[in-house]
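These are the residues of each chain, in order.
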Amino acid sequence: MNAVLEERASQVCRLGEEPFAMVCNRPSLAGAVSQRACVFCGSRVVLYPIADALHLVHGPIGCAVYTWDIRGALSSGPQLHRMSFSTDLKEKDVIFGGENKLAASLDELIPQYTPKAVFVYSTCIVGLIGDDVDAVCRKAEERFGIPVIPVHSEGFKGNKRAGYSAACQALMRLVGKGSTEGIGPLSVNILGDFNLAGEIWIVRGYLEKMGIQVVANVTGDGRVEDIQRCHGARLNLVQCSGATMEFARMLQERYGIPCIRVSYLGIEDMADSLYKVADFFAAQDPSLRERTAQLVRTELEWLLPRLAELRRDLEGKRAALYVGGSFKAFSLVKAFRHLGMQSVVVGSQTGTTEEYEELAGICDPGTILVDDANPLELAAFLEEKKVDVFVGGVKERPIAYKLGIGFCDHNHERKIALEGFVGMYNFAKEVHASTMSSVWKIMPRKGYKPPFLDKEGCHV
Amino acid sequence: MSEYVSTINACKMCMPIGAALAFRGIDGCIPYIHGSQGCATYMRRYIISHFREPIDIASSSMDEKAAVHGGGPNFKKGILNVMRKYNPQLVGVATTCLTETIGEDVPRLVQEFREEFADLPLPEIVTASTPSYSGTHIDGWHAALQAVVNGVAQPVDSHGGVTLMPGFLSPADHRWFKELGARMGLALTLLPDFSDVLDGPTWETYQPLAPGGTPMEAIRRMAGACATVELGVPHRLSPAQSLEQRLGTPARFTDTPIGLRATDRFLGVLTELGGCVAPREVAARGRLLDALVDGHKYVFGKRVVVYGEEELAVGVTAFLAEMGARPVLVATGGASATLADRVRAVVDGLCPLPEVRTEADFHQIEEEANSMEPDFLVGHSKGYKLARSRGIPLIRLGFPIHDRFGGQRLLCVGYDGALELYDRIVNALLAQSQDASPVGYWYL
Ligand code: SF4
């Protein structure tokens, strides 16, 4: 049976076997069991790590419950982001409107938790019942004197990308409200990193060693006041481009701050990203490049012998990866090369045409590229390509495990830092542990059967 | 307890997730959420984190256009795609807040679909109305089962079997019921039954739908059972009651067999229906009593907060009272008119009445618990924050268990389950006093 539904055929491409063409960024097909989430999910992912804001989900309870503290975004201070607040709309609110309940919730929560700002997420039905969320927020803002920002994230209004966009617009309502005093010429904002397992602290550590000032983290370990003054920084570093490129563009248009795309995953990408920063500020500080080189050298001296050891076992193994944003896939393909491994299936939930083109350029012939996949397709690709390790998120994990294939968690729920040079080592260790365990040798799929099964009359 | 408008750290989930779980306990059934893509994906993620098993939940992936003009086309296209890829015997449709709010007439859509594609071999399709703003996951669970029973069960001659509706327990619990039926010599059909579906082996090749679950044929013949035993009090959407009303099969209700006395009563009901208590059960009962004696000093008077789904909370409270512990607060996120009475009934004569809270969230549970000085908690993972802040053990039970391994294999029903739960409780208390002791005895 062909695993791919005809309507989805144009979203899959086998490199080298057919001319490259990929259709993407279209709505998920009904009944296809997409791995994708919704607009709300996109907004929530981006804004959730702002730790001193109150995140209030306006709608029935489900959306708030399923997103309650499920991600590993760490905060060095307040933990308000790890709470789950909801207006928990009931039948009568749906009939008579939820505005009063929203206003009452804000009246109740703001004095109690004294947040620096509030984000109010509208979910599916809020748009339908026509609550004027903007007006309720505006009034609350006047009452309490803190930003109360509506996030228009009705689930059905597009896909995750639309949610990113709603989040960027919400962020822009904070920018420009704070003083830029004390921001020096060698200063950056870190965009599109969510501080999973404390990753932002690793990256900030490198930048600080180079002598770069970090003004705001948007949004991992984020603080409202930092974001309010982030327009004072001289450069934006954008990692997750899907999520925050729009924000970077708005900062460029309104405040003239340039941005560069970076990635903190893998060796080249991490080093390149630091060099790009050094080059950008070269005119202001000619010795920056040398300091950066020194930092990279020290880190590699530590890292490379360790990787070499793991590579001995991993050489020649085959990897599949299915990630949220496709930009992450580039870094992963390269990271696997460092381990002597080949990426044979590469997919994402929300890649763009240009990103897939770029991916096609760096992947080997025979690689399957796929956009917005589902469990049956992924399972078929894993089986066809005889994959040893699959990199994905929680929803992908049981697909690999049912088939007796190693799995490595690389999504927002991870609790191990995979960024930076130390992150590359953690990644290699995890791939090694996921691939080399003896459990894979006793799986039925790998040909192992218990001896009693061969005996006459003993079939179970 | 103060009155809050908002819900802070909810102790419940929304209706469609309960429906999806109930549907997946039926052989060859794919749950189908009529709404936007996100809900289905979120629910899958939530379920997978607990069971560590694949669960595919299809969705009609409605977008803005569909929300405005109606989801009919998406609905039909989705069912066709699901048929092509999953070849299901049953499509269990659950609505969401989105589709209910725009007023979709799903039974009519199904009717149209059946007429339009009459030339195709169509699966059975049942629809449950599960607007997330009208109840919790447990209400969705019942709505789904009621839809299945109404849509699939047919008038048949009596065959003397027994139908058991075990409720939302673990696969290990479901498995225990099935094995018990065999030991008692009863032709027992469990609805639903996700013992294999959500706790299965590895596969040689990928299965679109994990094998196992209540066979469709057994559901078709369900009306011929001598009784439908539903655990708990009749829900407003009770499948057993609706089977009784529609096809005349007698409905019986008894508490979920958690602890000694509820298990005794449950076995009593099964013997009335023709089962015979096996010596193994008698032995297990004896072992449980012996353990309760051996451990009674460790648990005596220990103050306990119990929270979660109503059925589980009532059962656990009963067992805590039996072992000599003292439940001080019993809380559920759902609305319930009967919880207080049920709690009173199960602790009567054993311990003072605990406080009972319905429609509670963790903000309220914490507020109450902090004045009650509990010694430990029993409930799902989401109480961990409270356990941690008070430095007391959390005995994990129920759904979701997202911070421990093996949640799908936790057994709590029957004498076996009670013993397992008891060991876990006593050991948690021993470990705690050991860790806190300045001497660090390892001979206790
Ligand atoms: S939109 Fe409604 S049905 Fe979907 S997850 Fe949220 S509350 Fe549940």
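Data block above holds the structure.
Residues numbered from 1 in each chain as written. Chains lettered and ligands numbered in written order. Predicted model: local features only at pLDDT ≥ 70, side-chain atom pairs only at ≥ 80, totals over all residues. Heavy atoms only, no water.

**Q** Before we go on, may I ask you to explain the overall build of chain A in this structure?
**A** Per the secondary structure count, chain A includes 17 helices and 14 strands. Across the 460 residues that make up chain A, the buried fraction comes to 63%. The contacts of chain A with a sequence gap of at least 6 include a subset with a gap of at least 24, amounting to 73%. Between the centroid of the 52 positive side chains of chain A and the centroid of its 56 negative side chains there is a distance of 3 Å. (Helix = DSSP H or I, 4+ residues; strand = E, 2+ residues; numbered from the N terminus. Buried < 20%, exposed > 50% of the residue type's maximum accessible area, 1.4 Å probe, protein only. Contact = heavy atoms within 4.5 Å. Lys, Arg positive; Asp, Glu negative; His and termini not counted. Charge placed at Lys NZ, Arg CZ, Asp CG, Glu CD.)

**Q** Please clarify how the site of the ligand should be interpreted in this entry.
**A** In the region of the ligand, the neighbouring residues are P60, G62, C63, Y66 and C124 of chain A together with C14, P16, C39, T96, C97 and S132 of chain B. Chains contributing residues to the immediate surroundings of the ligand are chains A and B. Considering each element in turn, the shell around the ligand owes the most residues, three residues, to helix α2 (residues 61–66) of chain A. Its residues assigned to classes, the shell around the ligand shows eight nonpolar, three polar and no charged. (Near = heavy atom within 4 Å. Nonpolar A, V, L, I, M, F, W, Y, C, P; charged D, E, K, R; others polar.)

**Q** Please explain the interface of chain B and chain A as it appears in this structure.
**A** Often, the extent of an interface is quoted as the loss of accessible area on bringing the components together. Facing the 65 residues of chain B at the interface are 68 residues of chain A. Together, the buried faces of chain B and chain A total about 5,900 Å²; carbon and sulfur atoms form 63% of this surface. Summed over the three residues of chain B that lose the most area to chain A, namely Y42, K85 and Y206 of chain B, the buried surface amounts to 14% of that side. Between the two partners, chain B and chain A, sit six salt bridges. Here E359 of chain B ties to K90 of chain A by a salt bridge, and the two come within 3.9 Å at their closest N and O atoms. Elements represented by at least two residues in the side of chain B that touches chain A include exactly β1 (7–8), α2 (37–51), β3 (58–59), α3 (64–69), α4 (72–86), α5 (97–101) and α15 (362–372) of chain B. (Buried area = accessible area lost by both parts, 1.4 Å probe. Salt bridge = Lys/Arg side-chain N within 4 Å of Asp/Glu carboxyl O.)

**Q** Would you take a moment to explain the sheet that holds strand β7 (residues 188–190) of chain B for this structure?
**A** Sheet strands associate in pairs through backbone hydrogen bonding, adopting either a parallel or an antiparallel arrangement. Residues and elements named next belong to chain B. Here we have four strands laid out as an open sheet, ordered β7-β6-β8-β9, and parallel in their pairing. At either end of the open sheet lies a strand with only one pairing partner, and these are β7 and β9 (251–254). Between one strand axis and the next, the sheet turns by 25° as a mean value, whatever way the strands run. Here strand β8 (residues 227–231) runs beside β9; their pairing, made up of four bridges, is parallel. Each bridged residue has a counterpart across the sheet, and for E230 the counterpart in β9 is F253. Contacts from helix α11 (residues 260–272) reach β6 (162–165), β8 and β9 within the one sheet, and its direction differs from that of β9 by about 160°. (Pairing = 2+ DSSP bridges. Axes fitted to C-alpha atoms, helices over the stretch in contact; angles between N-to-C directions.)

**Q** Would you mind showing me how to read the pairing of strand β2 (residues 29–34) of chain B here?
**A** Along any regular strand the residues' side chains alternate between the sheet's two faces. Residue and element names in this part refer to chain B. Of all the six residues making up β2, six are buried; the element is thus mostly covered by neighbouring parts of the structure. Here β2 shows two buried faces, one formed by C29, P31 and I33 and the other by I30, Y32 and H34. With six bridges joining them, β2 and strand β4 (residues 90–95) adopt parallel strand pairing. Note that in β4 the partner of Y32 across the bridge is V93. Pairing geometry for β2 and β3, over two bridges, is parallel. Looking across to β3, one finds that Y32 is bridged to A58. On the question of chirality, the crossover connecting β2 to the parallel β3 by way of α2 is right-handed. (Right-handed = clockwise from strand over helix to strand, strands pointing away.)

**Q** Teacher, can you tell me more about the packing of helix α13 (residues 310–323) of chain B against helix α17 (residues 414–436) of chain B here?
**A** When two helices pack together, their arrangement is captured by the angle between the axes and the distance separating the axes. Residues and elements named next belong to chain B. Contact geometry for α13 and α17: axes closest at 12 Å, N-to-C directions at 65°. The angle between α13 and α17 falls in the class roughly perpendicular. Between α13 and α17 lies a crossing of right-handed hand. On α17, the residues touching F319, L320 and M323 of α13 are A418, L421, Y422 and I425. Tallied by class, residues from the contact of α13 with α17 come to seven nonpolar, no polar and no charged. (Parallel < 35°, antiparallel > 145°, perpendicular 65-115°, else oblique. Left-handed = near helix turned anticlockwise from the far one by under 90°.)

**Q** Looking at this structure, how should I read helix α12 (residues 279–299) of chain B?
**A** A turn of α-helix holds 3.6 residues, and therefore any two residues three or four places apart point the same way. Residues and elements named next belong to chain B. Here α12 is 21 residues long and its end C-alpha atoms lie 29 Å apart, about the 30 Å a rise of 1.5 Å per residue gives. Along α12, the sharpest change in direction is near 40° and occurs at V293. What α12 keeps buried is the set E281, A284, L288, A291, L292, G295 and V299. Just downstream of α12, G301 is the residue with a positive phi angle, here 70°. (Expected span 1.5 Å × (residues − 1). Bend = angle between axes of the 7 residues up to and from the residue.)

**Q** Please clarify how the sheet that holds strand β6 (residues 187–193) of chain A should be interpreted in this entry.
**A** All names here are of chain A. Pairing is parallel across the open sheet formed by four strands, whose spatial order is β7-β6-β8-β9. In this open sheet, the two strands that pair with only one neighbour each are β7 (213–219) and β9 (259–261). Neighbouring strand axes in the sheet, compared pairwise and without regard to direction, differ in orientation by 20° on average. Taken together, the four bridges between β6 and strand β8 (residues 235–238) define a ladder with parallel strand orientation. From the neighbouring strand, L191 faces β8, where its bridge partner is V238. Packing against the sheet, helix α8 (residues 199–210) makes contact with β6, β7 and β8, and its axis sits at approximately 155° to β6.

**Q** Would you take a moment to explain the packing of aromatic side chains for this structure?
**A** Scanning all chains against the criterion turns up 26 aromatic pairs over all chains. Note on Y401 of chain A and W440 of chain A: the rings are 6.2 Å apart at their centroids and 35° apart in plane angle, and the pair reads as tilted. Residue Y401 of chain A is found in helix α16 (residues 397–402), and its partner W440 of chain A is found in the segment after α17 (420–436); the two are separated by 39 residues along the sequence. Both rings, one in Y32 of chain B and one in F75 of chain B, keep their centres 5.7 Å apart while their planes meet at 80°; by these two values the pair is edge-to-face. Here Y32 of chain B is found in strand β2, whereas its partner F75 of chain B is found in helix α4, with 43 residues between them in sequence. For F75 of chain B, a relative accessible area of 0% puts it in the buried group. The cationic tip of R44 of chain A hangs over the ring face of Y121 of chain A; the distance from NZ or CZ to the ring centre is 5.4 Å. (Phe/Tyr/Trp six-rings, centres within 6.5 Å; stacked < 30°, edge-to-face > 60°. Lys NZ or Arg CZ within 6 Å of the ring centre and 35° of its normal.)

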